[in-house]
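In case you want the letters, here they are:
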Amino acid sequence: MEHITVREILEAAGGRLLCGGEHIPLKHISIDSRAMAGDDLFVPLIGEKVDAHRFIGQAFEHGAAAVLTSEHEETEDERPWIRVEDTKQALQAIGSYYRKRLSLPLVGVTGSVGKTTTREMITAALSARFRVYKTPGNHNSQVGVPITISEISSMDDIGVIELGMSEPGELTVISKIARINMAVITNVGITHIEQLGSKENIYREKLTIQDGLTEGGILFLNGDDELLSATVAREGFKTVYFGTGENCSYRAVHVRLIEGRAVFTAVHGEERTTVHLQVMGGHHVQNAMSALAVARECGVPLEEAARELESFTGFQNRQQIYRNGGLTIIDDTYNASPVSMKASLDILRSLTAEGRRIAVLADMKELGPEAARYHYEIGTYLAANPVDEAVLLGELSKEIGRAVRESRSGIAVREFDTMADLTAYLQADLTEGDCVLFKGSNSMRLKEAASHFLPE
């Protein structure tokens with residue numbers, strides 16, 4: 001935060017100063033009592049299991065300059081304590097207050113899968129001409145977004161903010177805090193379907209990102225997505241489609257995979273440029289086109305944006321390829337959904353392998369009552385696009401195995417209930433020349449098995 005004192009926090013949060021001075025400067029917001037960057041405002045949140053008010057003393061010990069509280073009416077401390085009705089709502093109010101003091105444009109990114117990768121790609125493309133601030137880590141929630149915005153400085157030209165959603169109404173709250181000028185929806189999938197009930201409900205919730213879109217804003221939509229391709233922004237907003245279809249004003253043509261990486265020609269009007277992505281998988285073409293679309297609408301020529309986009313190499317545990325001891329390992333253990341699992345299987349098949357292609361797959365979580373069916377569909381997809389062996393971990397993944405066996409595709413299937421048994425099997429079975437994909441939801445901890453085969 002710049003040029004913020006306790007006095008501005010009182011104004012923003014509608015709080016009451018219990019003690020301390022109004023003119024003490026504050027530069028950061030922290031919700032972790034153990035981590036202070038200097039001149040921090042500590043915000044103690046009340047969770048389901050822990051009330052962080054109990055850590056106010058620890059926050060001061062670690063360098064907090066002021067604190068919010070909803071549980072104290074008085075204190076004899078000389079440092080600033082600010083009484084508010086609800087610390088979470090106060091945090092959001094502070095985020096909104098600080099956003100109104102900023103003049104730079106913000107891009108908001110949401111979607112069922114690919115938000116973080118798309119955020120990074122947009123940042124890369126915009127960096128051709130701008131100093132870009134981006135969401136750090138995965139701070140994309142009702143708590144994370146206000147903190148993210150508070151770290152934007154006057155040195156930044158534009159911001160790219162990731163906006164997450166796991167429950168009804170959440171996206172409206174955070175998009176209104178961010179007051180975005182451009183909104184990107186990467187896709188509509190079935191992530192969080194347990195909380196939202198249906199894909200149609202997820203679709204409707206994604207569109208509420210427009211609740212925080214400023215007048216004259218732009219809504220960027222994936223023109224290859226079944227639901228988004230038929231969607232038009234609300235009155236007063238511009239609609240821009242990106243993807244591979246004829247309906248997209250920012251379109252990728254001549255798409256092909258070379259050793260798992262997409263190469264294509266990006267087209268917009270009379271502009272054309274060849275793009276060589278450094279991340280694995282054809283599904284990144286849509287993410288890349290969204291980045292080029294945003295950059296071009298911000299005045300960056302397509303070719304300039306594409307050259308910067310090619311510098312993005314991805315994230316740890318997300319479709320990273322390693323070669324170790326004669327093995328080729330694809331580490332994609334960060335998370336999993338039906339769309340991303342199919343994309344990773346496509347990468348596995350596209351790579352040159354002297355030995356076998358082996359898919360080590362674990363359960364996909366948060367898919368609701370239809371979870372078994374989604375896993376069976378992965379097995380059907382695997383059978384139609386075969387590899388040599390499927391090694392499966394978890395109860396739901398047995399549906400993948402069932403589909404593969406029923407297809408009579410000839411794919412060898414091995415099923416395991418424990419990480420230890422799966423790891424032991426792989427250590428005994430893998431041989432030089434094998435190409436191995438590790439893919440599953442983060443909670444399945446498949447990265448523990450993958451770690452045995454990665455270079456140190």
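Please refer to the structure higher up on the page.
In this report, the structure presented in the accompanying data block is examined. These numbers were taken from a predicted model, which means no experiment stands behind them.

Details of the environment of K134
Counting through the fold element by element, K134 comes out in strand β9 (residues 132-134). With 145 residues separating them in the primary sequence, K134 and V279 have C-alpha atoms 19 Å apart. Once residues lying within four places of it in the same chain are set aside, the contact partners of K134 are E120, T123 and V160. Within the structure, the side chain of K134 is placed 2.7 Å from the side chain of E120, a separation counted as a polar contact.

Re the sheet that holds strand β7 (residues 81-83)
Read across the sheet, five strands follow the order β2-β7-β6-β5-β4 without closing on themselves; strand pairing throughout is mixed. One side of each edge strand has no neighbouring strand; the edge strands of this open sheet are β2 (16-19) and β4 (28-30). Within the sheet, the average angular offset between the axes of one strand and its neighbour, ignoring direction, is 30 degrees. Bridge analysis of strand β5 (residues 40-42) against strand β6 (residues 64-69) gives three bridges, and the strand direction is parallel. From the neighbouring strand, F42 faces β6, where its bridge partner is V67. Across the sheet, helix α3 (residues 87-100) lies against β4, β5 and β6, angled at about 120 degrees from β6, the strand it touches most.

Re the sheet that holds strand β10 (residues 158-162)
Strand order in the open sheet formed by nine strands is β9-β10-β8-β11-β12-β13-β14-β15-β16, and the pairing between neighbours is mixed. Looking along the sheet, the strands with just one partner apiece sit at the ends: β9 and β16 (271-280). Put simply, the sheet's adjacent strands are angled 20 degrees from each other on average, direction ignored. In terms of strand pairing, strand β8 (residues 106-110) meets β10 through four bridges, oriented parallel. The residue bridging V107 from the neighbouring strand is V160, located in β10.

Considering α3
Residue pairs spaced three or four apart in an α-helix point in one direction, given the helix's 3.6 residues per turn. With 14 residues, α3 ought to run about 20 Å at 1.5 Å a step, and its terminal C-alpha atoms sit 20 Å apart, in line with that. Along α3, the residues classified as buried are T87, A90, L91, Q92, I94, G95, Y97, Y98 and R99. By the N-cap criterion, in which a side-chain oxygen at the helix start approaches the backbone nitrogen of a residue two or three places on, α3 is capped by D86, the distance to K88 being 3.0 Å.

Observations regarding the packing of aromatic side chains
Geometry of an aromatic ring pair is reported as the spacing of the ring centres plus the angle between the planes. A complete count under the given rule lists three aromatic pairs for this structure. A centroid spacing of 5.3 Å and a plane angle of 40 degrees characterise the contact between F416 and Y425, whose relative ring orientation is tilted. Between F438 and F453, the ring centres sit 6.1 Å apart and the planes meet at 25 degrees, which makes this aromatic pair stacked. A residue pair is termed long-range when its members are at least 10 positions apart, and F438 in strand β22 (residues 435-439) and F453 in the segment after α15 (447-450) qualify at 15 residues. By relative accessible area, which is 0% here, F438 ends up buried. Given the relative accessible area of 8%, F453 is considered buried. Over the aromatic face of F60 sits the side chain of R79, whose NZ or CZ is 4.0 Å from the ring centroid.

What counts, and at which threshold
- Residues numbered from 1 in each chain as written.
- Predicted model: local features only at pLDDT ≥ 70, side-chain atom pairs only at ≥ 80, totals over all residues.
- Heavy atoms only, no water.
- Helix = DSSP H or I, 4+ residues; strand = E, 2+ residues; numbered from the N terminus.
- Contact = heavy atoms within 4.5 Å.
- Polar contact = N/O pair within 3.5 Å; in protein donor to acceptor, adjacent residues only side chain to side chain.
- Pairing = 2+ DSSP bridges.
- Axes fitted to C-alpha atoms, helices over the stretch in contact; angles between N-to-C directions.
- Expected span 1.5 Å × (residues − 1).
- Buried < 20%, exposed > 50% of the residue type's maximum accessible area, 1.4 Å probe, protein only.
- Phe/Tyr/Trp six-rings, centres within 6.5 Å; stacked < 30°, edge-to-face > 60°.
- Lys NZ or Arg CZ within 6 Å of the ring centre and 35° of its normal.

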